[in-house]
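# Descriptive structure summary
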Amino acid sequence: VALCRAAAAIAAMDVTAVLLNAQSPDANLRQAAEQQLEQAKMTNLPLLMSLMANELGDESKDLHVRQAAGLVLKNCLAAKDLSRQGHLAQQWLQTEANAKQQIKMKVLSTLGSAEQKARHTSAQAVAAMATIDLPQNQWPELVPGLVNNVTQQPSPQLKQSSLEALGYICEEIEPEVLVASSNLILTAVIQGMKEADMDVRIAGTNALYNALEFVKANFENETERNYIMQTVCETTQVAHKELRFAAFECIVRVAELYYDKLPNYMQALFQLTLQAIKTATETGDPDHDEVAQQAIEFWSTLCDEELELIEELAETEGAANPPAQACHYFVRGAAPHLVPAMLEAMCKQAEDDDDDTWSMAMAAATCLSRVAQATEDEVVQYVIPFVEQHLTSADWHRREAATLAFGSILEGPSQNVLAPYLTQALDMMIKLMRDSNVQVKDTAAWTIGRICEHHIRSINAEQWQMMTRPLQPGETPDKEGVLLTGLRDDPRVANNVCWALHNLAEHCEDTRDEPTNVLSGLFVELARALLVCTERPDAGEHNLRSSAYEALNTTLANAAEDTKPRIEQLLPAICHKLEQTFLMQIVSNDDREAQSELQGLLCGSLQVMTQKLNERVVPFADKMMELFIQVFASKNSTVHEEALMAVGAIANAVEAGFEKYMPHFRP
């Protein structure tokens, strides 16, 4: 009786009003509507889903209502949390067959709606149902039906949404489930890519991207493979930006999945991708920039594939069984033309020095660094002339691109090949740290960091002075080392300076137990400058505070024995900083997160200092333990981990003396 009443209540619910209220800015109305929907889910889920499917398919209803209905329906079928998804799948599989069929038919019929957003929502709902049913060998008629919509029905709207649904299904489902349907799906997708209607073509191309993993058998057949590749290559040449972009995405995916099948197509792919990059470089059109990003991604993907194959070849050298897949060295063959194209693309940076939006210039720099790893010494001959020509250019775009280009080839080529250029290049980087343009300074700091990471032995004593010399009383600011000055520069520059200092300290790991090392003379000034950097009012930008503490901790960890008295002097100051965090005013979640982040960083520093000082930390142990116990009172598990590791370091340092702290840890 109770269930009947609940069902009657759901059936009598004014669905449209509830869905509108669920989107209301009025919190009371919204919460009441959400509670109604939640109650309906718990009492009679199939009935609620049926009502939502009907509302989604009702052409007379407002689009916002239809979309909201589709979203509720989808959320009854799909969730990001795996355990929740499993629960929803079981509920759907246990739904009575006739009820399921009615919901499916209504949602499928909405694929032909005149409203694009309603069709889109329906395609998502179809895919959500299919992802549950198809692995259970249920709904076998779905894929043939969607394919029929594309190949036999006249409606462009129905074709587009059916392809969209097929694409979503391919994206979400395990490949083996659809292997038997791969020919059908491929037929529909390729036909869709050749339709006159642009929306259908885009849906077809996107669906191909998601289906490529399923069509391995088709790619083994040369005739079918040629037809697929021809269709994709032709699609890269259309005028419509979104369609060109989708076609280049497919090419990237092909490189990732079917590298061994590329030799017959590389001449065409080489020409298509380089032309796309050249067009974007010459026109400066944002639409072309986005397409060129995918063309560049094709080469980045080839670099990744070839690096992996080269590594496998090295590992199996001399073995009886060579790697199953051969490396074709496409990147090495293309490098004389590819690298100049990347270098020109790198000159098309955003004018806004704080714009971190991914762009063709960023993609090209990333690709160049991968090309350097894949081609090793060969890349140097193509990059150095560009660097030499443009490092002193009056155009900041070219100065920055030349700086970035040199930094990008520091990993891959051998020390011997780079050696003739390193000293002169570092001299230029030091000068560019005082450039008038923030982007140039930022990239110069990054490149110095790369030199510290990969070629630290090439840095001479004079250059160390120019980078790290403390300013003496009465001296002009230009006498200070550029890295110390850089810590006070724009946050993005300072962040890369911190990274450079971290890399410098990393190389001292082998000498940290020695009486002295290269950090000893710099230690006081570096520690002071990094601590000041952590307290900058803008230290929350560009991850600067975290980077400064990371550089400080590496410096503390790898400093030599003669710095221990200085670390002892520093430890109470870090304790005081941690103590001050408990007095921070907390009025929002952002404040709470900022407090937790700072506490975690300070606990990390105290852990490193404790490990460094060992038994010399005993006089400070009580104070530190008092602070760590306060940290444990917070509700942030990340901070707890940092504090626990710091407590572990104290336990190792004080040994039996730790017993007096144990009551705080016993239940």
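Residues numbered from 1 in each chain as written. Predicted model: local features only at pLDDT ≥ 70, side-chain atom pairs only at ≥ 80, totals over all residues. Heavy atoms only, no water.

### Topic: the layout of surface pockets
Note the following rule: Definitions used throughout: a 1 Å grid over protein atoms alone; a cavity as a set of points that fits a 1.4 Å probe which cannot get out; a pocket as an open set with protein on both sides within 12 Å along at least five of seven lines; a lining residue as one with an atom within 4 Å of a point. Grid points are joined across faces, edges and corners, and a volume is the space filled by probe spheres set on the points. Comment: elements are numbered from the N terminus, with helices defined as DSSP H or I runs of at least four residues and strands as E runs of at least two. Gly falls in the polar group here, along with every residue not listed as nonpolar (Ala, Val, Leu, Ile, Met, Phe, Trp, Tyr, Cys, Pro) or charged (Asp, Glu, Lys, Arg).
In this structure, the largest pocket spans a volume of roughly 860 Å³. Looking at the lining of the largest pocket, the elements that each hand over two or more residues are helix H18 (286–315), helix H20 (360–375), helix H22 (396–408), helix H24 (438–454) and helix H27 (491–506). Partitioned by chemical class, the residues of the lining of the largest pocket number 11 nonpolar, 12 polar and 10 charged.

### What to know about helix H13 (residues 198–211)
As a reminder, the rule being used: Expected helix span is given by 1.5 Å per residue-to-residue step, counting one fewer step than there are residues. Think of it in three bands: with a 1.4 Å probe and only protein chains considered, a residue is buried below 20% of the maximum accessible area for its type, exposed above 50%, and partly exposed in between. Residue contacts are counted whenever heavy atoms from the two residues lie within 4.5 Å of one another. Identification of polar contacts relies on pairs of N or O atoms within 3.5 Å, with a donor-acceptor requirement for protein atoms, meaning one able to donate a hydrogen and the other able to accept it, and with residues adjacent in sequence counted only if both atoms are side-chain atoms.
In a regular helix each residue adds 1.5 Å, so 14 residues correspond to 20 Å; H13 covers 20 Å between its end C-alpha atoms and thus fits that length. Listed as buried for H13 are Val 200, Arg 201, Ile 202, Ala 203, Gly 204, Thr 205, Ala 207, Leu 208, Asn 210 and Ala 211. Looking at the buried positions of H13, the neighbouring elements they touch are helix H10 (156–172), helix H12 (182–193), helix H15 (222–235) and helix H16 (241–257). Two or three places before Asp 199, at the start of H13, stands the capping residue Asp 197, its side-chain oxygen 3.0 Å from that residue's backbone nitrogen.

### Remarks on the environment of Pro 263
The residue Pro 263 is located in the loop between H16 and helix H17 (266–283) in this model. Given the relative accessible area of 38%, Pro 263 is considered partly exposed. The contacts of Pro 263, once residues within four sequence positions are left out, are His 328 and Phe 330.

### Overview of the packing of aromatic side chains
Test applied: Ring pairs are drawn from Phe, Tyr and Trp, using the six-membered ring of Trp, whenever the two centres fall within 6.5 Å, and their geometry is named by plane angle: stacked under 30 degrees, edge-to-face over 60, tilted for the rest.
Tallied over the full model, the rule gives 5 aromatic pairs. Taking 5.4 Å as the distance between ring centres and 65° as the angle between the ring planes, the aromatic pair formed by Phe 658 and Tyr 661 counts as edge-to-face. For the pair Phe 658 and Tyr 661, one class covers both residues: buried. Among the aromatic residues, those joined into a ring-pair cluster are Phe 270, Phe 298 and Trp 299.

### Things to note about the confidence of the model for the chain
Note the cut-off: Confidence per residue, as judged by the predictor, is encoded in pLDDT with a range of 0 to 100.
Averaged over all residues, the pLDDT of the chain equals 91, while 97% of them reach at least 70. Taken as a whole, residues 1–9 scores under 50 in pLDDT and shows 4 contacts with residues more than four places along the chain or in a different chain.

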